[in-house]
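# Remarks on the overall topology
One letter stands for each residue in the lines below.
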Amino acid sequence: MAPLAEPSLRESSWYVWHAPYDALDSVETDRLSAVQDVLGEALDGSPAGPLRVVSACAGQARDLLPVLIHHPRGRDVTARLIELDPLNAAFLDGALGSTRLTGVEVVRADAGETSAYAGAVPADLVLLCGVFANVDPGDAARTAQILPCLCRPGGLVVWSTYGAAGTGPVRVNAVLGENGFVPVAVREPADRGWTVGAHRFTGRSRPLPDSTRFFRFVS
Ligand SMILES: C[S@@+](CC[C@H](N)C(=O)[O-])C[C@H]1O[C@@H](n2cnc3c(N)ncnc32)[C@H](O)[C@@H]1O
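Below you will find a few notes about this structure. Note that this is a predicted model, so its numbers are computed, not measured.

## Thoughts on the site of the ligand
- Around the ligand lies a shell of 20 residues, among which Tyr 21, Cys 57, Glu 83, Ala 111 and Cys 129 are the nearest.
- Cys 57 is positioned with one of its backbone polar atoms (N or O) 2.8 Å from a nitrogen atom of the ligand.
- Residue Asp 110 places a side-chain N or O atom 2.9 Å away from a nitrogen atom belonging to the ligand.
- Computed on the free molecule, the ligand has an accessible area of 600 Å², of which 96% lies beneath the protein chains in the complex.
- Classifying every residue of the shell around the ligand by side-chain character gives 11 nonpolar, five polar and four charged.

Printed below as a string of structure tokens:
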């Protein structure tokens, strides 16, 4: 893996990308609420006992962290947040410092490589929020093919996609279905341009392969 660069203003764009989440009412806040709702439902329906969560391309984890803080099952969760951008990773460290979520770790790494997940999978809940929106259909298929290595049998993958740059919801549903995932929730309000989904894994988990790349963001 290439050495990770130090934070710089040039790298601030994925940090600034999160700013619309602070608006009172925006397409992005609607999508964020939908993801939080689906995550809350996922925790509501999770079996008793410890839960493992992994979030690929976690960004500032505006989706997962508030749910873990407020949901009664949050204290049962051990989570790995995988984020490449140094400013977002620093944001996550700071945000976590003011919570009691001692089981949540931030790993600054490339989530498109299997090595970033070593020791954290198979998980009960895998977040791929904003990933399919930024990868082409070939990488979306490769991501779905690796998911049986990331997700435990009966576990959930929660995902979102939007925009024209990456892979749309029809293709995402298709590649997840081809790899043993069945839809349990889909949020796709008219005229908002985003889809949030949750799919349950009905297959058998596979061992995580070493150093295997399955996606790269398109830009
Ligand atoms: C579209 S944002 C999504 C953030 C968050 N999951 C959400 O939905 O609010 C994508 C995030 O992925 C990060 N990212 C891009 N490529 C990555 C990679 N290969 N590995 C890990 N993180 C990556 C960016 O820095 C950014 O924070």
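Still to come is the rest of the account.
## Let's talk about unusual backbone geometry
- A cis geometry characterises the amide bond from Val 121 onward to Pro 122, with omega recorded as 10°.
- Tracing the backbone through its elements, the reader meets Pro 122 in the loop between strand 3 (104-107) and strand 4 (123-129).
- Positive phi values are uncommon outside glycine, yet Asp 191 reaches one of about 65°.

## Focus on the pattern of salt bridges
- Enumeration over the complete set of coordinates arrives at eight salt bridges.
- Among the salt bridges present, the one from Arg 80 reaches Glu 105, with a minimum N-O distance of 2.6 Å. Of this pair, Arg 80 sits in strand 2 (residues 77-82) while Glu 105 is found in strand 3, placing the two residues 25 residues apart along the sequence.
- With a relative accessible area of 12%, Arg 80 lands in the buried category.
- Here Asp 124 and Arg 152 are joined by a salt bridge, their closest N and O atoms 2.4 Å apart. One end of the pair, Asp 124, is in strand 4; the other, Arg 152, is in strand 5 (residues 151-162), with 28 residues separating them in the sequence.

## Some remarks on the side chain of Ser 46
- Mapped onto the elements, Ser 46 comes out in the loop between helix 2 (27-44) and strand 1 (51-56).
- Each residue touching Ser 46, except ones within four places of it in the same chain, is listed here: Leu 51 and Arg 73.

## Structural notes on the environment of Pro 189
- Among the structural elements, Pro 189 can be located in the loop between strand 6 (181-187) and strand 7 (194-201).
- Residue Pro 189 is classed as partly exposed on the basis of its relative accessible area, which comes to 34%.
- Distance from Pro 189 to Asp 30, taken between C-alpha atoms, is 9.5 Å for residues 159 residues apart in sequence.

## Topic: helix 4 (residues 86-97)
- Here helix 4 spans 16 Å end to end across 12 residues, near enough to the 16 Å set by a 1.5 Å rise per residue.
- If you check which residues of helix 4 are buried, you get Pro 86, Asn 88, Ala 89, Leu 92 and Leu 96. Taken around the axis of helix 4, the buried residues stretch over an arc of 165°, which confines them to a single face.
- For helix 4, the capping residue at the N-terminal end is Asp 85, with a side-chain oxygen 2.9 Å from the backbone nitrogen of Leu 87.

## Focus on the packing of aromatic side chains
- Considering all chains together, one arrives at nine aromatic pairs under this definition.
- Look at Trp 14 and Phe 217: their rings are 5.7 Å apart centre to centre, the planes differ by 70°, and that puts the pair in the edge-to-face class. In this pair, Trp 14 is assigned in helix 1 (residues 13-16) and Phe 217 in the segment after strand 7, connecting sequence segments 203 residues apart.
- A relative accessible area of 30% means that Trp 14 is categorised as partly exposed.
- Their ring planes at 20° and their centres at 4.7 Å tell us that Phe 181 and Phe 201 sit as a pair that is stacked. A residue pair is termed long-range when its members are at least 10 positions apart, and Phe 181 in strand 6 and Phe 201 in strand 7 qualify at 20 residues.
- One residue, Arg 31, lies across the ring of Tyr 162, its end atom 4.0 Å from the ring centre.

So, how was this worked out
- Residues numbered from 1 in each chain as written.
- Predicted model: local features only at pLDDT ≥ 70, side-chain atom pairs only at ≥ 80, totals over all residues.
- Heavy atoms only, no water.
- Near = heavy atom within 4 Å.
- Polar contact = N/O pair within 3.5 Å; in protein donor to acceptor, adjacent residues only side chain to side chain.
- Areas by Shrake-Rupley, 256 points an atom, 1.4 Å probe, with all protein chains shown as cover.
- Nonpolar A, V, L, I, M, F, W, Y, C, P; charged D, E, K, R; others polar.
- Helix = DSSP H or I, 4+ residues; strand = E, 2+ residues; numbered from the N terminus.
- Salt bridge = Lys/Arg side-chain N within 4 Å of Asp/Glu carboxyl O.
- Buried < 20%, exposed > 50% of the residue type's maximum accessible area, 1.4 Å probe, protein only.
- Contact = heavy atoms within 4.5 Å.
- Expected span 1.5 Å × (residues − 1).
- Arc of directions from axis to C-beta.
- Phe/Tyr/Trp six-rings, centres within 6.5 Å; stacked < 30°, edge-to-face > 60°.
- Lys NZ or Arg CZ within 6 Å of the ring centre and 35° of its normal.

Taken by themselves, the reported measurements are silent on function.
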